[in-house]
Amino acid sequence: MQEALETLAEAAGFKGNEGRLLSFYRAASVLKSLPCAVTSWSQLHGLPYLGEHSSRVIQVGACHGEWGEWGVLDLVELQETWFESQSESAGMYRKLLELLEHGTCEEVEQVRCSERHQTMKDRLFTQVFGVGVKTADRWYREGLRTLDDLREQPQRLTQQQKAGLQYYQDLSTPVSRADAEALQRLVEAAVRQTLPGATVTLTGGFRRGKSQGHDVDFLITHPEEGREVGLLPRVMSCLQSQGHVLYHQYHRSHLADSAHNLRRSSTMDAFERSFCIFCLPQPQQTALEGAPHPCLTRKAVRVDLVVTPNSQFPFALLGWTGSQFFERELRRFSRQEKGLWLNSHGLFDPEQFSMQLLRKMSSDSWALSTFPQSREMPELRNAHRGAAGLSFDQDSFQTGALPPHGLTCANGAVTSWDSRV
DNA sequence: CCGCAACCGGT
DNA sequence: ACCGGT
DNA sequence: GCGG
Ligand SMILES: Cc1cn([C@H]2C[C@H](O)[C@@H](COP(=O)(O)OP(=O)(O)OP(=O)(O)O)O2)c(=O)[nH]c1=O
Ligand SMILES: [Mg+2]
């Protein structure tokens, strides 16, 4: 049932309905959090996010439902769910489907067909790095059907999409933990060469214990605050000179940017995040001797490198460990229940923006009473040791330029704000 | 009826 | 502004 | 789709 709800969430995403997506994911998460299996309908009553619709999905799965109460949309959704998760335990869905074929036939079949098409095309194009639901949809409506169709129109492709097509096969292959560890050694070597003492932490899905991933995520920092500045460009040049970088996109942060000096230097050099495709040597295992030959094959792998000052490391680790849904819910909880704004740089109190928060956070009791569950999340429990994650110098600082927080500050005072504030 | 995490880059 | 990405 |  959790999978069923997650499939509905995904389907909502394909239709561009972010609200439904969230609700279905939340309902699935609530089920996961239960200490034991749900055996009766009444157990669902009162659980958050298991409202009318989600409950009905479960009700039918448990064979307690009455077909007459079902609307066309519900049936189509359930059918898609069944197709996706057609393992063994899906027998009840099959019954439902066959009943469905008898009853509302014509109309349902029509919707179903179009829906099938929708998902089919989505699967084909959205897999390409740089192609999302909107673009896949548009291309399909324009009559494009195959990857080669896309390759024939290179002038219409973004650089990202070109890379996505070029490395399509490798990038659709899951990344193994062994690959991730090999990449870590590669990155560590480059980092060691650039700034001894800097550390490389495997994060993202692999830190959560996944055995495979769609990419590899790393956090880089240095125990001495400030030493990390300018590190990433040097690491990237190093890796580039070794021929490991197939594609890259650099990101700066408003915080890091304005933190050190306010010269708006477009020095082009001040990026702190690199979002790339690496070329990873694949060990060639000869069947008999098992001695790996170095580098006969190479594989393209998506890699994310993030450099963070040591003071912000707890927040970066928390933010980049995921999952995506966990991060979204945590930030929503922080803002809605605690009135604090959380991102991967820090936790911000919009009232008394910086100084008081620093003091508050310097006590264990504050961290624990604010986030009781943080006992299970060491990086959050220790977050206060890294202070609030606000960087500034004596002249001025921006608490995030306009787009993120809408506030501009100088010497601790708000000097301008935008309409949202 | 409204909000739904919070960012950055390319076109 | 919209779409891509994390 | 759900909660406020
Ligand atoms: C995609 C995404 C990720 N993140 C954070 C949490 C993720 O765990 C982390 C890395 O992103 P991803 O690499 O996209 O996610 P993942 O590592 O958990 O899973 P996968 O195995 O598919 O690589 O970045 C967000 O905060 N928001 C997002 O929308
Ligand atoms: Mg990942």
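See the structure above.
What comes next concerns the included structure.

So, how was this worked out
- Residues numbered from 1 in each chain as written.
- Chains lettered and ligands numbered in written order.
- Predicted model: local features only at pLDDT ≥ 70, side-chain atom pairs only at ≥ 80, totals over all residues.
- Heavy atoms only, no water.
- Near = heavy atom within 4 Å.
- Polar contact = N/O pair within 3.5 Å; in protein donor to acceptor, adjacent residues only side chain to side chain.
- Helix = DSSP H or I, 4+ residues; strand = E, 2+ residues; numbered from the N terminus.
- Nonpolar A, V, L, I, M, F, W, Y, C, P; charged D, E, K, R; others polar.
- Salt bridge = Lys/Arg side-chain N within 4 Å of Asp/Glu carboxyl O.
- Buried < 20%, exposed > 50% of the residue type's maximum accessible area, 1.4 Å probe, protein only.
- Phe/Tyr/Trp six-rings, centres within 6.5 Å; stacked < 30°, edge-to-face > 60°.
- Contact = heavy atoms within 4.5 Å.
- Disulfide = S-S within 2.5 Å.

1. Topic: the site of ligand 1
Ligand 1 sits among 14 residues. The nearest are Gly205, Arg208, Lys210, His214 and Asp215. Thr321 places a polar main-chain atom, nitrogen or oxygen, 3.5 Å from an oxygen atom of ligand 1. With 3 residues, helix α15 (residues 313-321) is the largest single contributor of residues to the shell around ligand 1. Along the lines of polarity and charge, the residues of the shell around ligand 1 split into 1 nonpolar, 8 polar and 5 charged.

2. Comments concerning the pattern of salt bridges
Side chains carrying opposite charge are able to pair once their charged atoms draw close together. In this structure the tally under the stated criterion is 12 salt bridges. Across the pair Arg141 and Asp137 runs a salt bridge, and its minimum N-O distance is 3.1 Å. With Arg141 and Asp137 both in helix α7 (residues 133-141), this residue pair falls 4 residues apart, about one helical turn. Since its relative accessible area comes to 18%, Asp137 is described here as buried. Two residues, Arg151 and Asp148, come together in a salt bridge whose shortest N-O distance is 3.1 Å.

3. Comments concerning the packing of aromatic side chains
Scanning the model with the defined rule gives 5 aromatic pairs in all. Where Tyr250 meets Phe271, the ring centres are 3.7 Å apart and the plane angle is 5°; that geometry is what we call stacked. Residue Tyr250 is located in strand β5 (residues 245-251), and its partner Phe271 is located in the loop between α14 (254-260) and β6 (273-285); the two are separated by 21 residues in the primary sequence. On the basis of relative accessibility, which here comes to 29%, the residue Tyr250 falls in the partly exposed class. A residue is classified by how much of its surface remains accessible, and Phe271, at 8% relative accessible area, is buried.

4. Details of the side chain of Ser253
You can see Ser253 is positioned in the loop between β5 and α14. According to the relative accessible area criterion, Ser253 is buried, its value standing at 5%. One polar contact links Ser253 to His345, side chain to side chain, over a distance of 3.4 Å. Look past the residues within four positions of Ser253 in its chain and what remains in contact with it is Glu272 and His345.

5. Brief notes about the state of the cysteines
Here, disulfide denotes a covalent bond that connects the sulfur atoms of two cysteines. Applying the stated criterion to the full structure yields 0 disulfides. For Cys276, which is in no disulfide, the shortest distance to another cysteine sulfur is to Cys279 and amounts to 12 Å. With relative accessibility at 0%, the residue Cys276 sits in the buried group.

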